[in-house]
Structures are given as C-alpha cells and as structure tokens.
Amino acid sequence: MTDARIAVHTEASIDRIAPEVHGHFAEHLGRCIYGGIWHGDSAAESGFREDTVSLLADLELPVLRWPGGCFADDYHWEDGVGPRDERPRRRNLFWAQGPEETPEESNAFGSDEFLELCERIGTEPYLAANVGSSDPQEAANWVEYCNYDGDTELADRRRNNGHEEPYGVTYWGLGNENWGCGGRMTPEQYAREYRRFATYVGTMDNLMLDHELELIACGFEGHEWNRRFLEEVNGAPWGASFPLDHLTLHHYYGRTMTVAEADEDQYDQFLVEALEMEDHIERIAAAINAVATTRDIGVIVDEWGSWHPEATADTGLEQPGTVLDALSAAAVLDIFNDYSDVVTMSNIAQTVNVLQCLVETDEDDAWARPTYRVFDFYAPHKGNEAVRTSVSAPTRELADDGEDRELPLVGASASIGDDETYVTVTNLDCRAERTVEIALEAATLSEGDVRAEILFADQEPDLEVTADNADEFTAADLSVSVDGSSIVAELPPSTVAAVSIE
C-alpha cells in the first residue's frame, strides 16, 4: 500500500525551466571569496583555488551573482581593477573579511578576477550595482568597462587590464535590499532612484552594446512594498513604463534552529519555513500582475537558503552543512520548477563556506556539501519543460504552532526533455519511510524504461559533511517496481529521489 501518489500530467505544460533557476551567489563575506575562491588578499598570495574552481566547473553553474549582498551597497568597482598592488584598501560597513573580523576590503579580488572566474567555470555573471551609496554614473561606467568595444578610456582600461574583448555581462542588479542595508528607503524613494539608474544603465544597450541588458530591481518579502514600488515606477511622466526585466525577493529560513540541537518537531518547523517560498512567489507575482504582468517582469529569488543561529558576523556566517539543509534545498527547487512560468532566476546563498554553501574549504582541501549533491541531482531539469504534478500525500500538524500549519510529508516536481521525463521526489518526513507511487498519464512502462537514484538513504538529517565523509553523500541506485503507467519506490526518511523515464 502506498503512502503518497504523484500524478505526472505530461500534457499539462507549465513553462521552460530557466537554467538560471539553479544560480548561485558569492559575496565578499567571511571566507566566501578570500580563502574560499581566492588564495589570499595580497598580490603575493594571489590566485584562484583550483580545487574550488574544479568543483564549481563540474556543477555547471548557469549564473553567479557578485559582489553582494549588503557588501555591494558600500562597494565601488573602480577600487578593484588595475594592478593589485596599486589597489586601495577600503572599509566595508557591512561585512568583515576573514577570521580576524576586519571590516576592510583589500580589493585583491575585483571585477576582472570575478569575470575570469565566470569564464573558467562557464557561468553567466550577474553584477549587483551600488545604489545605496553611489550614483548612476558609477553604474553606467561599470557597464561600459565590462561591455563596450569602442575606444573610450574605460574600454581601453579594460584592455590594459588584460581583457581585450568585452565581457558581455547581461544581468545587472540595480540595488540590493534597498529597504534595509541598501539605504533604508521607502518603496517610492527606491523607485525614483531605480528610474535614475535604469535611465543611464538601460540606455547603454540602445547605442553602445551589441546585446541587450537584463535589468533587475530589488524587491522585498513584505509584498505591499513591491506593489508600491511598481506603482511609483509606473507613475513616471515619461519613458518606459517598466524599465525592469526582473524583480527580486530574499527568503531565508531556520534562523532559530541549530540542526545538531533540534528535535524532529523542529525539523518539521524548519521544512515548513522553507516551503513558505511558494507563498512568497505567489505574492510577489500577484504584486507584479496588479500593476504590470509576469510575462514582462520575471521573479528572481537572488538570496535564499537556510540561515542558522551559529551563522553570525563573528563566525563569518559559517554553519555546518547537513542533510536537513540539503533536503530543504530540494523542496525549494521543486517549487521553482512548479513556478517556471514566473521564476526566471534564483541564487542560493552562498557559493563557498558561507551560509548554505555548496562547497566548503579549509587550508588544504575543498569538498562538496550535501546541498551541492542536490543541485547536481536536479541538473537534468534545467532547460526542460516543467509539467504539472498532483501530489496526494499525508501531512503532519506542527507541534506547538499557533498558526495550525502542516507539513506535507512528500513533495515532487517533473519536467520533460528531448528524450525523457524527469521526476524528483522528496520524503520530507524525517521520521518514517514512505512508499510513493509515481503515475504518468497515458504511459505504458517497462522496467527498462526507468532509472532511479536516491540521495541520503543512509544518513541522519543532522549528519554534517566533512572533508573525510564528503564522498558518502553521493547518489546511489534506487530499486523501483514498474507496472503499466506506475512506478513505486520505498523512500527512507529525509531522502531525495530522482526517476528518469525514457
């Protein structure tokens, strides 16, 4: 007898799953850049960490956001170009660099280093321009430095710094958390600032560039803020009604729960907080549709993931990487698939060493965390056509929860590529095995048509990754039974399964 049934409606297309939905985020915070991606912050110690670069290249990241985050709100890009031994050492008001907790930035890793990293790992860059403490001229100059192929001083400066051809950066964020560290602005104030920046940056591709720019505006989890921002943008007396291609939100969860000290009731609470991503996507999409349309303005979740109490400023926002965190990432990626008609990009926070990172390092080694395994597991969805799934599964009420919330114990999403249907399934029950039936509409299957794998079958939810056990988190084959249009699998607690059907 099955505990849950997943109906895959192969003819009910949602939209193409943008590969950028599997994007990532690297901020100058703690050991993310210095010690994680870059060997040191002085010219004498310059150079990429090849072990980190290799892991990131293997994952085939579609897009990488940089340099922040709140760091971007006090960052000036010209400090980070040119000979490294001539770059100024600057303060940053928001994040310390390295274990000494020094609020200083060496600028050893700047635009050219970041864009070289993107070229080396085959990813698209997403640059976050400083709106909070800068001006439109600085942002437009950055676009010109990166993208212009003419004979201006800034284009020549890029050439002199070692990159003859323009980088062709498409994604430009105009602001970060402008409701908070980006200036504590009202939505109307930010809308006016955004229009100023978009006027100068957005005009570049009309005359100076041979490709279009994608402009990204900062949104908020308080969704009334988003509606007011869009209405103010739309109320300008002239120019494009909506000079933006995407609107962002940030969603962190787990702020009160240390995984190693939590019980199963708290695991449920944590996973429900992760699943609140669906409500936030629906609400920001509704704010867009109230004023414009999600056909024209996509939703980007450019910071998301677990943020536990041990991740504080004095620890460089480092926290253990656990199976439970990875399970939450799988559940969120399923949500993104289900909203592929709305979500155009996401960027988990962060790439290396910080928060729910994918790669962890020490002085000698770099290794993949469980969340890295989830992103690798979900990679076949990228570029596929998402289709509707109907999930009939038991739920469990949260203990001591005044909001009467429930955790669905099984989740799923599905997509169709050129040669196969790909279904991912999460057993969000950290206490019990669940028998799951996957039924494909109008299909007749045989054993040879189906291949299945599973993550975390032999691990407890609170198991942490280390350099010594990192290889134990890789996928294993999953035995399934096939009968007509149905596939049945036994999923141990807190596991993620993937089923490929040819």
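Described in the following lines is the structure provided in the data block. (Residues numbered from 1 in each chain as written. Predicted model: local features only at pLDDT ≥ 70, side-chain atom pairs only at ≥ 80, totals over all residues. Heavy atoms only, no water.)

### Focus: the pattern of salt bridges
What counts here: Salt bridges are defined by distance alone: a side-chain nitrogen of Lys or Arg within 4 Å of a carboxyl oxygen of Asp or Glu. Throughout, exposure labels follow a simple rule: accessible area from a 1.4 Å probe, protein chains only, divided by the maximum for the residue type, with under 20% read as buried, over 50% as exposed, and the rest as partly exposed.
Within the structure shown, the criterion is met by 34 salt bridges. Here aspartate 401 ties to arginine 405 by a salt bridge, and the two come within 2.9 Å at their closest N and O atoms. For aspartate 401, a relative accessible area of 13% puts it in the buried group. Among the ionic pairs, aspartate 429 bridges to arginine 434, the shortest N-O distance being 2.7 Å. Across the pair, arginine 434 and aspartate 429 agree in class, each one buried. Because the salt bridges share partners, they merge into one network encompassing Asp3, Glu264, Asp265, Asp268, Arg396, Asp429, Arg431 and Arg434.

### As for the packing of aromatic side chains
Selection rule: Here a Phe, Tyr or Trp ring, Trp counted by its six-membered ring, pairs with any other such ring whose centre lies within 6.5 Å, and the pair is stacked when the planes are under 30 degrees apart, edge-to-face when over 60, and tilted otherwise. Helical segments are the DSSP runs of H or I of at least four residues, strand segments are the runs of E of at least two, and each set is numbered from the N terminus.
One pass over the structure, following the stated rule, counts 22 aromatic pairs. Measuring from ring centre to ring centre gives 5.0 Å for tryptophan 38 and phenylalanine 48, while their planes differ by 85°; the resulting arrangement is edge-to-face. Here tryptophan 38 is found in the loop between β2 (23–25) and α1 (50–59), whereas its partner phenylalanine 48 is found in the loop between β2 and α1, with ten residues between them in sequence. Residue classification places tryptophan 38 among the buried positions, given a relative accessible area of 3%. Judged by its relative accessible area of 8%, phenylalanine 48 is buried.

### Concerning the environment of histidine 211
The cut-off we apply is this: The term polar contact refers here to a pair of N or O atoms within 3.5 Å; inside protein, the definition further demands a hydrogen-donor-capable atom paired with an acceptor-capable atom, and it admits residues adjacent in sequence only when both atoms are side-chain atoms.
Turning to its location among the elements, histidine 211 is positioned in the loop between α6 (204–207) and β8 (214–217). Between the C-alpha atoms of histidine 211 and asparagine 147, which are 64 residues apart in sequence, the distance is 9.2 Å. There is a polar contact of 3.5 Å between the side chain of histidine 211 and the side chain of asparagine 147.

### Overview of the nonpolar core
Which entries qualify depends on this criterion: Side-chain atoms within 4.5 Å link the members of a nonpolar core, which is a set of buried Ala, Val, Leu, Ile, Met, Phe, Trp, Tyr and Cys residues. Any pair of residues with heavy atoms lying within 4.5 Å of one another is described as a contacting pair.
Of all hydrophobic cores here, the largest spans 130 residues; its most connected members are Phe109, Phe229, Trp304 and Phe336. Counting residues per element, this core draws most heavily on helix α10 (residues 323–338), which supplies eleven residues. Ignoring any residue separated from it by four or fewer positions in sequence, one finds phenylalanine 109 in contact with His28, Ile33, Tyr34, Ile37, Trp38, Phe48, Trp66, Arg87, Phe114 and Leu117. Core analysis: the second largest hydrophobic core is formed by 26 residues, Val410, Ala443, Ala452 and Ile501 among them.

### With respect to the side chain of arginine 405
Of note, arginine 405 is situated in the loop between β15 (395–397) and β16 (406–408). Polar contacts involving the side chain of arginine 405 include one to the side chain of glutamate 276, which spans 2.8 Å.

### What about the sheet that holds strand β17 (residues 410–416)?
Keep this limit in mind: The pairing criterion for strands is at least two bridges between them, as found by DSSP. Lines are fitted to the C-alpha atoms to define the axes, a helix being fitted only along its stretch in contact, and any angle between axes, read from their N-to-C directions, falls within 0 to 180 degrees.
What the ten strands build is an open sheet, ordered β21-β20-β24-β18-β17-β14-β1-β19-β23-β22; its pairing is mixed. Edge positions in the sheet fall to β21 (476–477) and β22 (480–483), since each has one partner strand and no second. In this structure, strand β1 (residues 4–16) lies alongside strand β14 (residues 385–392), joined through eight bridges in antiparallel fashion. Residue pairing in the sheet places arginine 5 in a bridge with serine 392 of β14. Lying over the sheet, helix α11 (residues 370–378) contacts β18 (421–427), β20 (450–455) and β24 (495–501), oriented at roughly 165° with respect to β20.

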